[in-house]
Every structure is written in C-alpha cells, then in structure tokens.
Amino acid sequence: MKKIVYIVFLLFCACYISGCSEDRYFPGEIYQDADNNGDDDDGDVVEKINENLAKGGTALSGSEQDGDHGAALLINGLIQGNEEYFGTYQTGVDHEEWVQIKLIQKQKINSIWLYPRAANEGFPKDFKLEVSTDAKTWTSVVEETGYEATTADPQKFDFDPVVALYVRLTATRLAIANNMWTGDKDVYYIQLKEIEVYLSDGTSVDPEPEPEPEPDPDEPNLALGGFVQAISEEDGHGVQFLVDGNFAESNTTYFGTRSSTSSEPQWVNVKLTREDDFNEVWLYPKYGGEGVEGFPIDFKIMVSLDGEEWTEAVSKTGYPVPAYTPETPQPEIFKFETVHGGYVKIIATKLYSTSNMWTGWQEVYLMQFAELCVYNTNVVN
C-alpha cells in the first residue's frame, strides 16, 4: 500500500514540474497545442488561407430547439435550403443565448460568416463575436446592436487578424416572431444555417454559386409580374410572392393561404401580363420541415380570357406530394391543349394539412406555392 502511494506521489510531482497544471484543462476535454510539439507556441502551424476553419470542428450551444436542430448543423458545410439549421430553444421571454465552435486548428483568423436561416428570421439583434485560444479567456472582435439580416446571404464580419482556436457567438437580444405558428404569441430564438471562419487574404472565398434552373420555353413567363388575387393570405406570405420570379427561396418568399377546415376551398387568380396563347402552368412547391408543404391534394387549373368565364384545363385528385428538391427547385408541370387567355386560376378543394409546434398542435389546412409560371411551348424562334 505504501508503495502505491509513493508511486502516485512521484507522478504528481512529475506532472507539476512539467507544467501539467490545472489551468491546462477546460470543460469537456484536455488542451492540446495545434502543432503537437509540447508547447503553447503554434507559430509553426501551416495556416489555411481562404478555407473554412469551422467545418469539421466541434460545436456546443446554450440550448437547442429540438433534437433535429443541434449545434453540429452549424459546421457541416450544408447551406442550401433552410430546413437543416441550428436553432435555440424558443421561449416567450427575451434572454441570452450562445454557441461556441472549436476550429479544426489554432491559427490566425480575420473573418466570421453567419448564415441566416432566412431573411429577417431568427438572426440575433444584439450580439458579440469572441475568440479564444483556450476557451477560458475571450477577446471580443465584433459587437453589434440592433442588427438586421435583411437577406439570407451570409452576414460577413471582418476584423484584424488574431490567433484563435475557438469562436463564440453570444446574443443578448434575440429575434422575435409572432404569427400563426407561434399561436400569435411573441417567441424569442436564434436560427442559423451555418457559421464559417476564415483567414482571408482579400480574394474571394465565396463558394461557386449553383446555377438556378431556367425554364425550358424560350417564350417569356406570362405570369411574371402579373396581378394576383386570392381568397386569403398567410401573414407575411402574400400574393406578390407568387409571381415575383423568385422560386429558389421557396421556404421564405412563397404565397400561402390557410384554413381551419379541409372542406373550405382555397383559390388564387392570376391576371397575366398580356392575353396570349399558352399550354403549360408550372407550380413550384414550397419547401419546409422535412419536405414539401402546402401543395394541394385535389385541385383544378382554370383558364379564362376575361376573368369571368372560366374553362377547366387541368383537374387532379389525390395528387401526390412533390419530390423534396430544395437545392435545385423543380416545378410541377401541367400541360394542356393550347388556349388563348389572360387569366389562370388555381382552385383547391382538398388541402395539405399539418399539426406541429408552429400551429400550436392545431390542425391547419394550407395551400402554398413558391411560384406560378405560364408558358406557351409551341412558339418557334
């Protein structure tokens, strides 16, 4: 027994002499210098220029919205769509939230990018960005008050180069939502798609943009910029989004109606930019949750010359939920015999239904489209 105690004492002394002191520890893991040479000087690390140092690191947060939207999604490199995102727990009281990232190596950094989940949705108002080499002593590099993320583009924050192994976002005033999904109550939260960290040399580090799909017909979309009327509108998702030409951000800039019963028909009517021949209507689905939301089940596509007398061009019953393709939005294309007209109307008699935390666990019935396009594919140029 005395021999064991003596050995433990010798190990303690060796650790003390070599500098293995308590301050080399922080919650969750043991500090290791990046170049692994036994000291704290990482000046010989090969610095990664214009490379995202957060991707493949580790992430922690003060809270999570649920098990499907944890902090790990901030550093997985996926920024397409807005359904794979990090979210904090949502409450009715404004409060402080934080998220911390350990980078893939310790080196100089000078730029942090925060990707909003969507424009004006879930991005913090008052916050600071801090850096650290040991996750104990922090230095503030960015401080913002009353910040507005008016687009879904990455919000880029540049600063003088500083050595860091950790990056932390601390928000003291959160985004707020009050709509049908929150039960018309104030809800405070953070939602971000990604955090990227760079040592930028001043040249572009933007990823190559993915080309947006273009319509096959050479003739212009007759619905683009047309006049739209509808039986109802979701708050913040009015008729203007149906013909604005933006179908790529289908989970934010979409048109939607809602109803408390499946038997209440919903309709939307588009006056085209001119009277003309046409034979196709394209409906771009709205993406959300884990797939397409709001696409009607039973519906008709009606056409008219004057907006008063209508002819049925398409009738669908039990229409299947469209495929989930948020990275490359694809329309549902409905073809019919060429008609000459000036109006297109969608009438839905059986609606998509959902019940979740956003509806207060009440059953609601929706008709939602990211875009409506009208083409004549018989035109030869």
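Everything numeric in this text was worked out from a predicted model, so none of it was measured.

Thresholds, definitions, all that
Residues numbered from 1 in each chain as written. Predicted model: local features only at pLDDT ≥ 70, side-chain atom pairs only at ≥ 80, totals over all residues. Heavy atoms only, no water. Helix = DSSP H or I, 4+ residues; strand = E, 2+ residues; numbered from the N terminus. Buried < 20%, exposed > 50% of the residue type's maximum accessible area, 1.4 Å probe, protein only. Contact = heavy atoms within 4.5 Å. Areas by Shrake-Rupley, 256 points an atom, 1.4 Å probe, with all protein chains shown as cover. Core = buried A, V, L, I, M, F, W, Y, C linked by side-chain atoms within 4.5 Å. Phe/Tyr/Trp six-rings, centres within 6.5 Å; stacked < 30°, edge-to-face > 60°. Lys NZ or Arg CZ within 6 Å of the ring centre and 35° of its normal. Patch = residues over 30% accessible without salt bridge, like charges linked within 9 Å, V, L, I, M, F, W, Y side chains within 5 Å. Salt bridge = Lys/Arg side-chain N within 4 Å of Asp/Glu carboxyl O. Lys, Arg positive; Asp, Glu negative; His and termini not counted. Charge placed at Lys NZ, Arg CZ, Asp CG, Glu CD. Pairing = 2+ DSSP bridges. Polar contact = N/O pair within 3.5 Å; in protein donor to acceptor, adjacent residues only side chain to side chain.

Undergrad: Explain the overall build of the protein here, please?
TA: Looking only at helices and strands, one finds one helix and 20 strands in the protein. Taken across its 381 residues, the protein has 46% of its residues classed as buried. Contacts spanning at least 24 positions in sequence make up 75% of the contacts within the protein whose residues lie at least 6 apart. Counting every atom, the protein has about 19,400 Å² of accessible surface; 50% of that belongs to carbon and sulfur.

Undergrad: For this particular structure, what's the right way to read the nonpolar core?
TA: Note that soluble globular proteins tend to have their nonpolar side chains buried in a common cluster. Formed by 32 residues in total, the largest nonpolar core has its most connected members in L242, V344, I346, L372 and V374. In terms of residue count, the dominant contributor to this core is strand β14 (residues 266-288) (seven residues). Of all hydrophobic cores here, the second largest spans 31 residues; its members include A71, L174, I190 and V197.

Undergrad: Explain the packing of aromatic side chains here, please?
TA: Aromatic ring pairs: the centre-centre distance and the angle between the two ring planes describe each pair. Enumeration according to the criterion identifies 15 aromatic pairs in this entry. Ring geometry for W113 versus Y198: centroids 4.8 Å apart, planes at 50 degrees, classification tilted. Remark: Y198 occurs in strand β11 (residues 191-198) and W113 occurs in strand β5 (residues 97-116); sequence separation between them is 85 residues. Look at F295 and F369: their rings are 5.5 Å apart centre to centre, the planes differ by 85 degrees, and that puts the pair in the edge-to-face class. Note that F295 is positioned in the loop between β15 (291-293) and β16 (298-304) and F369 in strand β20 (residues 364-375), a separation of 74 residues in sequence. Exposure class is identical for F295 and F369. Each is buried. Three or more aromatic residues link up through ring pairs in this structure, and these residues are F295, F299, Y319, F334 and F369. Note that K286 overlies the ring of Y254, its terminal NZ or CZ placed 4.9 Å from the centroid.

Undergrad: Can you walk me through a negative patch on the surface in this structure?
TA: Negative charge collects at one region of the surface, where E275, D306, E308 and E309 lie side by side. Tracing the backbone shows E275 in strand β14. Judged by relative accessible area, E275 falls into the partly exposed class, the value being 48%.

Undergrad: I'm lost on the pairing of β20 in this one. Help?
TA: If a strand is regular, its side chains alternate between the two faces of the sheet. The buried fraction of β20 amounts to 12 of the 12 residues, a majority that puts the element mostly inside the structure. Direction of pairing for strand β13 (residues 255-259) relative to β20: antiparallel, over a ladder of five bridges. Each bridged residue has a counterpart across the sheet, and for S259 the counterpart in β20 is Y365. Bridge count for β14 against β20 is six bridges, and the pairing is antiparallel. Pairing of L283 across the sheet is with L372, part of β20. Where strand β19 (residues 352-354) lies against β20, three bridges are found, and the strand directions are antiparallel.

Undergrad: Would you mind going over unusual backbone geometry with me for this structure?
TA: With glycine set apart, most residues show a phi of negative sign, and most peptide bonds adopt trans. The backbone phi angle of N50 is positive, close to 55 degrees, even though this residue is not glycine. Inspection of the secondary structure assignment puts N50 in the loop between β2 (29-30) and β3 (58-61). Here the phi dihedral of A135 falls at roughly 65 degrees; this positive angle occurs in a residue that is not glycine. Along the polypeptide, A135 turns up in the loop between β6 (126-132) and β7 (139-144).

Undergrad: Help me out: how do you make sense of the pairing of β6 in this one?
TA: Counting buried residues along β6, six of its seven residues qualify, which places the element largely inside the surrounding structure. Of the pairings in the sheet, the one linking β6 to strand β8 (residues 155-173) comprises seven bridges and is antiparallel in character. Considered in β8, the bridge of F127 is made with A171. Relative to β7, β6 is paired through five bridges, and the arrangement is antiparallel. Residue pairing across strands places L129 opposite V142, the latter belonging to β7. Once β6 ends, the chain turns through six residues before running back antiparallel as β7, passing A135 with a positive phi of about 65 degrees.

Undergrad: Explanation requested: the side chain of T88 in the structure shown.
TA: Residue placement: T88 occurs in the loop between β4 (86-87) and β5. Of the polar contacts made by the side chain of T88, one reaches the backbone nitrogen of I190; its length is 2.9 Å.

Undergrad: Please clarify how the side chain of N221 should be interpreted in this entry.
TA: With respect to the helices, strands and loops of the structure, N221 is situated in the loop between β11 and β12 (227-230). We classify N221 as buried; its relative accessible area is 14%. A distance of 2.8 Å separates a polar side-chain atom of N221 from the backbone nitrogen of V374. Those residues in contact with N221 that sit more than four places away from it in its chain are L372, C373, V374 and Y375.

Undergrad: Hey, could you run me through the environment of K300 in this one?
TA: Among the structural elements, K300 can be located in strand β16. In the structure, K300 is positioned 13 residues away from A313 in sequence and 7.6 Å away in space, judged by C-alpha atoms. For K300, the contacting residues outside a window of four places in its chain are E312, V314, S315, K345, I346 and I347.

Undergrad: Please explain the environment of F299 as it appears in this structure.
TA: Assignment of secondary structure puts F299 in strand β16. Beyond its immediate sequence surroundings of up to four residues, F299 is in contact with V314, S315, K316, Y319, F334, I347 and A348.

Undergrad: Would you explain the pattern of salt bridges in this entry?
TA: Proximity of charged atoms lets side chains of opposite charge pair with each other. Taken as a whole, this structure holds nine salt bridges when the rule is applied. One salt bridge in this structure joins E130 and R168, with 3.0 Å as the shortest N-O distance. Of this pair, E130 sits in strand β6 while R168 sits in strand β8, and the two are 38 residues apart along the sequence.

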